[in-house]
2 protein chains.
Amino acid sequence: MTILPTDVAATIDRALREFLAGQRERMLAIAPELGELVAVAGEFLTGGKRLRPAFAYWGWRGAGGAGDGPHLRSLATAVGSLELLHASALIHDDVMDSSDSRRGRPAAHRRFGALHREGGWSGSTDSFGAAAAIILGDLCLTWSVEMLRGCGLPPEAIQRGHAIVDLMCTEVMAGQYLDVLEQARGTQSVDAALRVARYKTAAYTVERPLHLGAELAGATPELLAAFTGYGTAIGEAYQLRDDMLGVFGDPAHTGKPAGDDLREGKRTALVALAAQRSAPEAVARLWRLFGDPQLTPDGVALLQALIRDSGAPEVVEAMIAERVEAGVAALGGAPVEPAAAAALRDLAIAATARPR
Amino acid sequence: MTILPTDVAATIDRALREFLAGQRERMLAIAPELGELVAVAGEFLTGGKRLRPAFAYWGWRGAGGAGDGPHLRSLATAVGSLELLHASALIHDDVMDSSDSRRGRPAAHRRFGALHREGGWSGSTDSFGAAAAIILGDLCLTWSVEMLRGCGLPPEAIQRGHAIVDLMCTEVMAGQYLDVLEQARGTQSVDAALRVARYKTAAYTVERPLHLGAELAGATPELLAAFTGYGTAIGEAYQLRDDMLGVFGDPAHTGKPAGDDLREGKRTALVALAAQRSAPEAVARLWRLFGDPQLTPDGVALLQALIRDSGAPEVVEAMIAERVEAGVAALGGAPVEPAAAAALRDLAIAATARPR
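Residues numbered from 1 in each chain as written. Chains lettered and ligands numbered in written order. Predicted model: local features only at pLDDT ≥ 70, side-chain atom pairs only at ≥ 80, totals over all residues. Heavy atoms only, no water.

### Some details on the overall build of chain A
We count it as follows: Starting at the N terminus, helices and strands are each numbered in turn, a helix being any DSSP run of H or I of at least four residues and a strand any DSSP run of E of at least two. Note that the radius of gyration is over C-alpha atoms, with the globule rule given as 2.2 Å times the number of residues to the power 0.38. Partly exposed describes any residue whose relative accessible area lies between the buried limit of under 20% and the exposed limit of over 50%, with all areas from a 1.4 Å probe on protein chains only and scaled to the type maximum. Here a residue-residue contact requires only that any non-hydrogen atoms of the pair lie within 4.5 Å. Using a 1.4 Å probe, the Shrake-Rupley method yields the accessible areas, and only the shown protein chains count as cover for residues.
The number of helices and strands found in chain A is 16 helices and two strands. Over its C-alpha trace chain A gives a radius of gyration of 21 Å, about what one expects of a compact globule, namely 21 Å for 356 residues. The dimensions of chain A, computed from C-alpha atoms along their principal axes, are 65 × 60 × 35 Å. Burial status across chain A gives 60% buried among its 356 residues. In chain A, the share of contacts with a sequence separation of at least 24, taken over all contacts with a separation of at least 6, comes to 76%. With an accessible surface of roughly 13,400 Å², chain A has 52% of that area assigned to carbon and sulfur atoms.

### Some thoughts on the interface of chain A and chain B
How big an interface is tends to be stated in terms of accessible area lost as the parts join. Note the cut-off: Buried area counts how much accessible surface, traced with a 1.4 Å probe, disappears from two parts once they are put together, with both parts' losses summed. Note on definitions: salt bridges are taken to be side-chain nitrogens of Lys or Arg within 4 Å of carboxyl oxygens of Asp or Glu. Throughout this description, a polar contact denotes any pair of N or O atoms lying within 3.5 Å of each other; where both atoms belong to protein, one of them has to be capable of donating a hydrogen while the other can accept it, and for residues adjacent in sequence the pair is counted only when both atoms sit in side chains. For this classification, the nonpolar set comprises Ala, Val, Leu, Ile, Met, Phe, Trp, Tyr, Cys and Pro, the charged set comprises Asp, Glu, Lys and Arg, and every other residue, Gly included, is treated as polar.
Every contact between the two is made by 51 residues of chain A and, on the other side, 51 residues of chain B. Summed over the three residues of chain A that lose the most area to chain B, namely I30(A), R149(A) and Y177(A), the buried surface amounts to 16% of that side. The interface formed by chain A and chain B holds six salt bridges in total. Counting across the chain A and chain B interface gives 16 residue pairs in polar contact (both at pLDDT 80 or more). Listing elements by their share of the side of chain A that touches chain B, those giving two or more residues are α1 (6-30), α2 (35-44), α4 (72-97), α5 (108-119), α6 (125-149), α7 (155-185) and α8 (190-217) of chain A. For the side of chain A that touches chain B, the element with the highest residue contribution is α7(A), accounting for 17 residues. Tallied by class, the residues present in the side of chain A that touches chain B amount to 30 nonpolar, eleven polar and ten charged.

### Brief notes about the packing of aromatic side chains
Any two aromatic rings considered together are summarised by their centre-to-centre distance and by the angle between their planes. Our working rule: Within 6.5 Å between ring centres, the rings of Phe, Tyr and Trp (the latter by its six-membered ring) count as paired, and their orientation is classed by plane angle as stacked under 30 degrees, edge-to-face over 60, tilted in between. Charges are assigned to positions over rings by a cutoff of 6 Å between ring centre and Lys NZ or Arg CZ, combined with an angular limit of 35 degrees from the ring normal.
Inspection of every chain in the model, using the stated rule, returns twelve aromatic pairs over all chains. On the basis of an interplanar angle of 55 degrees and a centroid distance of 6.5 Å, the ring pair of Y177(A) and F128(B) is categorised as tilted. With one member in each of two chains, Y177(A) in helix α7 and F128(B) in helix α6 (residues 125-149) form a pair that bridges those chains. F128(B) carries the same exposure label as Y177(A), and that label is buried. Centroid distance W287(A) to F290(A): 5.5 Å. Interplanar angle 70 degrees. Geometry classified as edge-to-face. Each residue in the set F112(A), W121(A), F128(A) and Y177(B) is aromatic and connected to the rest through ring pairs, giving one cluster. Over the ring of Y199(A) we find R198(A), and its NZ or CZ is 5.2 Å from the ring centre.

### Here's the deal with the confidence of the model for chain A
Let me state the cut-off plainly: Scored between 0 and 100, pLDDT is the confidence that the predictor attaches to each residue.
Per-residue pLDDT for chain A has a mean of 94; in total, 99% of the residues score no lower than 70. For this predicted complex, the interface confidence comes out at an ipTM of 0.95, alongside a pTM of 0.95.

### A short note on the relation of the copies chain A and chain B
So the rule is basically this: For this overlay, a least-squares fit was computed on C-alpha atoms, restricted to residues scoring pLDDT of at least 70 in both copies.
Under the fitted operation, chain A is carried onto chain B by 0.0 Å of movement along the axis and a turn of 180 degrees, and the coordinates agree to an RMSD of 0.0 Å. One copy is carried onto the other by what is essentially a two-fold rotation axis. Take the interface residues of chain A: 100% of them recur as interface residues in chain B, which is what a same-surface contact looks like.

### A closer look at the packing of helix α4 (residues 72-97) of chain B against helix α8 (residues 190-217) of chain B
Two quantities define a packed helix pair, namely the angle between the helix axes and the distance between the axes. Residues and elements named next belong to chain B. Condition: Axes, fitted as lines to C-alpha atoms, cover a helix only where it is in contact. Angles between the N-to-C directions of the axes lie from 0 to 180 degrees. Should an angle lie under 35 degrees it is considered roughly parallel, over 145 roughly antiparallel, and from 65 to 115 roughly perpendicular; all remaining angles are considered oblique. We call a crossing left-handed when the near helix sits turned anticlockwise from the far one by less than a right angle, and right-handed when that turn is clockwise.
Two elements in contact, α4 and α8, have axes separated by 10 Å at closest approach and are oriented at 160 degrees. Accordingly, the angle class assigned to the pair α4 and α8 is roughly antiparallel. Handedness of the α4/α8 crossing: right-handed. Here α4 contributes L75, A78, L82, L85, H86, A89 and D93 to the contact with α8, which in turn contributes K200, Y204, P209, L212 and L216. By residue class, the composition of the contact of α4 with α8 is nine nonpolar, one polar and two charged.

### Quick notes on the pattern of salt bridges
A side chain with one charge may pair with a side chain of the opposite charge, provided their charged atoms come close. Counted by the stated rule, this structure contains 49 salt bridges over all chains. Measuring nitrogen to oxygen at the nearest pair gives 2.9 Å for the salt bridge that ties R50(A) to D13(A). In this pair, R50(A) is assigned in the loop between α2 and α3 (51-62) and D13(A) in helix α1, connecting sequence segments 37 residues apart. Taking the shortest distance from any N to any O, the salt bridge between E33(B) and R185(A) comes out at 3.0 Å. Here E33(B), found in the loop between α1 (6-30) and α2 (35-45), pairs with R185(A), found in helix α7, and the two come from separate chains. What makes R185(A) partly exposed here is its relative accessible area of 36%.

### Focus: α2(A)
Working note: α-helix, 3.6 residues per turn, so residues spaced by three or four point in the same direction. Burial of α2(A) is extensive: seven of the ten residues sit out of reach of the surface. Every buried residue belonging to α2(A) is among G35(A), L37(A), V38(A), V40(A), A41(A), G42(A) and F44(A), and all of these are buried. The elements touched by buried residues of α2(A) are α1, α4, β1 (101-102), α5 and α6 of chain A together with α7 (155-185) of chain B.

### Some details on the nonpolar core
Definition in use: Within this scheme, the nonpolar core is defined by two criteria: the residues are buried Ala, Val, Leu, Ile, Met, Phe, Trp, Tyr or Cys, and they are joined through side-chain atoms within 4.5 Å.
Core analysis: the largest hydrophobic core is formed by 243 residues, its most contacted members being Y230(A) and Y230(B). In terms of residues, this core owes the most to one element, α4(B), which gives 14 residues. When residues no more than four places from it in sequence are discounted, the contact partners of Y230(B) are F55(B), V206(B), L210(B), G235(B), G327(B), V328(B), A330(B), L331(B), L344(B), L347(B) and A348(B).

### Things to note about the side chain of H211(B)
Topologically, H211(B) is positioned in helix α8. Excluding residues within four positions of it along the chain, H211(B) makes contact with I164(B), L224(B), F227(B) and T228(B).

### Comments concerning the environment of M319(B)
Residues and elements named next belong to chain B. For M319, the location among the structural elements is in helix α15 (residues 312-332). For M319, a relative accessible area of 12% puts it in the buried group. Spatially, the C-alpha atoms of M319 and E43 are 35 Å apart, while their sequence positions differ by 276 residues. Among all residues touching M319, those that are not within four sequence positions of it are V190, L194, L240 and L273.

### Considering the packing of α7(A) against α8(A)
Residue and element names in this part refer to chain A. With their axes 9 Å apart at the nearest point, α7 and α8 run at an angle of 170 degrees to one another. The pairing of α7 with α8 is recorded here as roughly antiparallel in orientation. Residue composition of the contact of α7 with α8, by class: 17 nonpolar, four polar and eight charged.

### Focus: the state of the cysteines
In protein structure, a disulfide is the covalent linkage between the sulfur atoms of two cysteines. Residues and elements named next belong to chain B. What counts is decided by this rule: Note on disulfides: each one is a pair of cysteine sulfur atoms within 2.5 Å.
Overall, the coordinates contain zero disulfides over all chains when judged by the stated rule. The thiol of C140 is not disulfide-bonded; the next cysteine sulfur, from C169, is found 13 Å away. Judged by relative accessible area, which is 0%, C140 ranks as buried.

### Section: helix α13 (residues 280-289) of chain B
All names here are of chain B. Stated precisely, the cut-off is as follows: The arc in question is the one traced by the directions running from the helix axis out to the C-beta atoms.
Of all the positions in α13, only A282, V283, L286 and L289 are classed as buried. End-on, the buried residues of α13 take up no more than an arc of 135 degrees, which puts them together on one face. Seen from the open side of α13, the exposed residues pointing more than 90 degrees away from its buried face are P280, E281 and R288. Looking at the buried residues of α13, the elements they touch are α12 (269-277) and α14 (297-309). G291 sits one or two residues past α13 and shows a positive phi near 80 degrees.

### Observations concerning unusual backbone geometry
All names here are of chain B. Located in the positive-phi region is S98, a residue other than glycine, with phi close to 50 degrees. Tracing the sequence through the fold places S98 in the loop between α4 and β1 (101-102). In this structure S98 comes out as partly exposed when scored by relative accessible area, which is 48%.

Following this line, the structure appears as structure tokens:
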């Protein structure tokens, strides 16, 4: 999906490349071995969908920020910093979940594990991989703040931007913890899953990026409130679509093995609904298979059938449609620049649509 | 050791308590379960030596900053933020090393693991503990930046402070990675150990905190250079003392089980020197025992004897004394306020002295 004007996307890419090149220089001045950390960070910064920078860009435009001119490079740097934050979240997330792959490539801790194995080094390969990935995630987190700080917009604008990002970091980490907690507790509630989605996804992916862009341009409280309405609804819809893809998605599209969420035992609204809507014996079979790391392809197919037969996917599709409608409606009466409002309508659909 | 004036120490404590209370409120508004994260963070913020805030405070005083008056609360907030950064580093460090305890109490990941066990939750206790600790370390890292940003000093001062902290974060994480790397490679070189100490300890604990305080007050390049001379030397001496304590220290003083560094196989200058200075058969025995997680108290005693008999401890003591002298000398001709110069001389000795 095209979610950013081509020149803006290219400027964001360039800003990220140049920022990373600066960090690479700083790292190599300390020790040549540190080049590896920057290389893995660089891989995480290429090939993403740039969803958070896109919402931030349209937040800026929505608040009346210019789509071209002298501020564009600074703006691209500011919104591009969200990709570093996201790289940090993904790298740490994969350590926490022991995920092997990300976007069809080895997860960061596996990359470092391979380095350990190839070097014939001592100690545990997994421990080395995890330690290096924790450090790299920490680096990306501090670098994201540094990149925003140095973006070149007026200091008051940056200050307002940081206040949003501070909030966003606390929220996404709170959401992460709740996610891990609900998983451990074996929660089977749609509400609990939606609470996690509210902070881990909606605030982090849609609402706060919009607020960041809007605050950088100097937004009114009315606009921020409209973006909250839009962001919460569209963000939840995005998570619900992701839940569907995690169970039924095509590995070629998701970059993850089929049924990964089922093996991992991810507590989603989809699964909670399936359990609610199934007969006792189907529920028993569902929980017996769900979360088994050794689940075979046949087991995945069986679980998919159980979930499909419960009717939960239709309910989730309806929830998605409802939220997309509510999100778009939230922009209706709000003082959003027309070009941005149109783009956000398109984005709402593109980010939550079934893959073709 | 008394390293800060009592009123300053109390103001730093208060600033940290109040900042955390604000975060607690923000977290509880999301979900009551998040109180646990803030509680564990709070434990990490009490009982530390406040070494980094102390160096930052004396850096400020050294550059002519006032020791009392209206700026004191703001300054305490700024330098106190380093304790949150340090909490983040310790929490993640303990996950990476699988350490059970910190300052005589359970490590953060063990605390969360206990929560998992007591709740009778599903999945792996260790994985839950590690995931929660990774998230909490991330939170403390972003909170430290937020605390500095909101300290209330003039914006230009804060801006200069952030530039130092950015550098400091990159350096400490680089040092952490090199540490993990040297460990895995089984490096036996004094130079490699000192390179790790330069970034992981000297820059992070002494040099950059001094620079932070100095930059907040508006320092000259001469003063910053003198602090680099002092900080590098004293920081290395501090690490060398820590290496000695890790092998010979009293658990009641270090808060870690006796011989913990030996079981962990920590590659220090002390151990590298011992290997260099021992006869081949002693070296063989040393490497056979070193890094064995199951090392018995007898094994610890044997390793201690091997290291002692090599004469390495005397060499390390001489290296410490040399660095303390060089560090103090670096302040000699520099434009440091006399009260701060005197305090930094005392601190150099207090931070690197043998425990009594």
